[in-house]
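# Geometric and topological summary
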Amino acid sequence: METNALTPAVLQSLRKKQPHPVVSLSMPTHRREPDNAQDAVRLRNLVTEAGRRIDACTEDGGPLPREVRAGLHAQLDRAHAAVDLRYSLDGLVIFASADEYQTWELPREVPERVVISDSYLTRNLVAARARATPYWVLVVAANRATLWHGTQATVREHTGNSFPVTPDEVQTDVEREERIGDTASTFQDEETRRFFRDVDSALAAVLAATPRPLYVVGLAPALSLLEDVGTATRHAAGKVITGGLVNGPAPELHKELEPSLRESRERTAERTAERLDAARGRRTFAAGLDEVWESVREGRVALVAVEENFQRTVRVKEGHLVPVDPQETEPAADGETVREDIVDELVELALDTGAEVVFVRDGTLADHDRIAADLRY
């Protein structure tokens with residue numbers, strides 16, 4: 001699965017406490033040769049390491065029940081066999097319980113690790129999804145509406161939640177032409193209006209369950225009718241006035257969307273800069289990883305701005321973050337822990353406390369150690 005599939009319901013399910021230990025495995029992967037040649041070896045070694053930890057794992061002071069150990073081994077092996085590294089992105093996460101497994105392909109690098117706990121380690125998924133800035137795309141025509149989920153790089157059709165939507169009885173173009181005349185009048189036809197109300201209702205339900213920015217694509221009369229008969233598209237982040245894309249193809253749809261996506265990113269960057277300037281004036285501003293981390297942990301952050309490719313390995317010492325070389329092999333001292341994915345952890349915690357997280361171009365926050373925040377107080 002890709003990060004577009006990480007809905008609030010899926011995330012809630014992943015975070016549930018499990019009756020028996022579960023495995024979270026993560027590793028960086030590579031999209032192209034020759035770098036991807038190492039991925040198969042690294043994955044095999046990680047699966048082997050996970051197997052050793054499963055055998056050494058305890059529960060209630062004793063070894064794991066045999067059926068739980070066997071189930072974890074079996075599901076991990078199935079997950080390993082299911083991964084096709086020829087189509088890797090930048091990171092891979094595998095979750096395995098005694099009953100099932102999931103594999104997630106992420107568009108950003110994640111640390112190499114194996115964690116056995118009573119719930120899955122979701123921070124890398126949450127941060128990757130936030131960085132990908134997911135959005136919805138509704139494409140409408142007079143007799144069909146499709147919904148697509150997108151990121152900065154791709155769009156893919158979303159099926160389910162009543163999509164794609166079509167009228168109960170779709171007449172042929174010739175029949176419609178004979179009955180209602182020219183194409184423009186199609187969007188004044190009561191049957192079409194009723195169909196568009198169905199589209200609006202289906203879209204509203206999706207947005208309520210999984211809020212994301214919305215872009216709408218279609219001919220001007222279609223988009224006007226959608227706003228006239230419903231409310232779901234009235235505050236869309238962007239509109240693309242064009243026809244013929246209700247069935248894609250995805251690359252062409254993304255190409256048409258790109259100017260609107262770029263404008264939206266620019267508007268977001270401008271608003272973020274203005275908001276951080278205002279925070280400095282109010283003295284509700286935090287900057288630098290350690291200061292923002294402390295504010296996030298206290299639940300004081302309203303907005304976090306992070307440069308897109310910011311990652312840092314740190315030691316946690318007496319409640320503060322001390323940057324370290326990610327290649328450092330010296331073990332942590334007593335009372336210290338090393339966090340390879342501290343930025344992802346910060347992003348997940350900020351989102352959990354209701355903060356807005358915005359990713360900006362590298363270099364934008366160079367004067368603030370690449371991360372800054374607007375505080376609630």
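Residues numbered from 1 in each chain as written. Predicted model: local features only at pLDDT ≥ 70, side-chain atom pairs only at ≥ 80, totals over all residues. Heavy atoms only, no water.

## Details of the pairing of strand S13 (residues 301-307)
Judged by how many residues are buried, S13 sits mostly within the fold: 7 of 7 residues are covered. Pairing analysis gives 5 bridges linking S13 to strand S18 (residues 371-375), with the strands arranged antiparallel. Bridging from a neighbouring strand, Val-301 pairs with Leu-375 of S18. By the bridge criterion, 5 bridges tie S13 to strand S17 (residues 356-360) in an arrangement that is parallel. Within S17, the residue paired with Glu-307 across the bridge is Val-360. (Buried < 20%, exposed > 50% of the residue type's maximum accessible area, 1.4 Å probe, protein only. Helix = DSSP H or I, 4+ residues; strand = E, 2+ residues; numbered from the N terminus. Pairing = 2+ DSSP bridges.)

## Notes on unusual backbone geometry
The omega torsion of the bond from Phe-163 to Pro-164 falls at 0°, within 30 degrees of zero and hence cis. Among the secondary structure elements, Pro-164 is positioned in the loop between strand S9 (155-158) and helix H5 (173-180). Residue Pro-249 follows Gly-248 across a cis peptide bond; omega there is 5°. Mapped onto the elements of the fold, Pro-249 is located in the loop between strand S11 (238-241) and helix H8 (250-282). Phi is positive for Ser-162, close to 80°, though the residue is something other than glycine. Take Ser-162: it is sitting in the loop between S9 and H5. Its relative accessible area of 56% is what places Ser-162 among the exposed residues. Although it is not a glycine, Arg-283 adopts a positive phi angle of roughly 60°.

## What to know about the packing of aromatic side chains
Under the counting rule described, the total for this entry stands at 3 aromatic pairs. With a centroid separation of 5.4 Å and an interplanar angle of 75°, the aromatic rings of Tyr-135 and Tyr-215 are classed as edge-to-face. Residue Tyr-135 is located in strand S7 (residues 135-141), and its partner Tyr-215 is located in strand S10 (residues 214-218); the two are separated by 80 residues in the primary sequence. Taking 5.5 Å as the distance between ring centres and 75° as the angle between the ring planes, the aromatic pair formed by Phe-195 and Phe-196 counts as edge-to-face. Taking NZ or CZ as reference, Arg-300 lies 5.4 Å from the ring centre of Tyr-377, over its face. (Phe/Tyr/Trp six-rings, centres within 6.5 Å; stacked < 30°, edge-to-face > 60°. Lys NZ or Arg CZ within 6 Å of the ring centre and 35° of its normal.)

## With respect to the packing of helix H9 (residues 289-297) against helix H10 (residues 342-352)
For the pair H9 and H10, the least separation of the axes is 9 Å and the interaxial angle reads 35°. Read as a crossing pair, H9 and H10 show a hand that is left-handed. Packed against H9, whose contacting residues are Leu-289, Val-292, Trp-293, Val-296 and Arg-297, the element H10 presents Ile-342, Val-343, Glu-345, Leu-346, Leu-349 and Ala-350 at the interface. Considered class by class, the residues forming the contact of H9 with H10 number 9 nonpolar, no polar and 2 charged. (Axes fitted to C-alpha atoms, helices over the stretch in contact; angles between N-to-C directions. Left-handed = near helix turned anticlockwise from the far one by under 90°. Contact = heavy atoms within 4.5 Å. Nonpolar A, V, L, I, M, F, W, Y, C, P; charged D, E, K, R; others polar.)

## Let's talk about the sheet that holds strand S8 (residues 144-150)
Strand order across the open sheet formed by 5 strands is S9-S8-S7-S10-S11, with mixed pairing between neighbours. Edge positions in the sheet fall to S9 and S11, since each has one partner strand and no second. The sheet shows a mean angle of 25° between the axes of neighbouring strands, taken without regard to direction. Bridge count for S10 against S11 is 4 bridges, and the pairing is parallel. When the bridges of S11 are listed, Tyr-215 appears paired with Gly-238. With respect to the sheet, helix H6 (residues 190-209) is in contact with S7, S8 and S10, its orientation differing from that of S7 by roughly 175°.

## Digging into the nonpolar core
Core analysis: the biggest nonpolar cluster contains 25 residues, and Leu-289, Val-292, Val-304, Leu-346 and Ile-371 have the highest contact counts within it. If near-sequence neighbours (up to four positions away) are discounted, Val-304 is found in contact with Val-292, Val-296, Leu-346, Ala-350, Glu-356, Val-357, Val-358, Ile-371, Ala-372 and Ala-373. Counting residues in each nonpolar core, the second largest holds 24 residues, with Phe-187, Ala-202, Leu-223 and Ala-232 among its members. (Core = buried A, V, L, I, M, F, W, Y, C linked by side-chain atoms within 4.5 Å.)

## Section: the sheet that holds S17
Ordered in space as S12-S18-S13-S17, the 4 strands form an open sheet in which the pairing is mixed. Single-partner strands in this sheet number two, and they are strand S12 (285-287) and S17. The average angle at which neighbouring strand axes cross in this sheet is 20°, direction not considered.

## What about a negative patch on the surface?
There is a patch of like negative charges on the surface, built from Glu-263, Glu-266, Glu-270 and Glu-274. Note that Glu-266 resides in helix H8. Classification of Glu-266 by relative accessible area gives partly exposed; the value is 42%. (Patch = residues over 30% accessible without salt bridge, like charges linked within 9 Å, V, L, I, M, F, W, Y side chains within 5 Å. Areas by Shrake-Rupley, 256 points an atom, 1.4 Å probe, with all protein chains shown as cover. Salt bridge = Lys/Arg side-chain N within 4 Å of Asp/Glu carboxyl O. Lys, Arg positive; Asp, Glu negative; His and termini not counted. Charge placed at Lys NZ, Arg CZ, Asp CG, Glu CD.)

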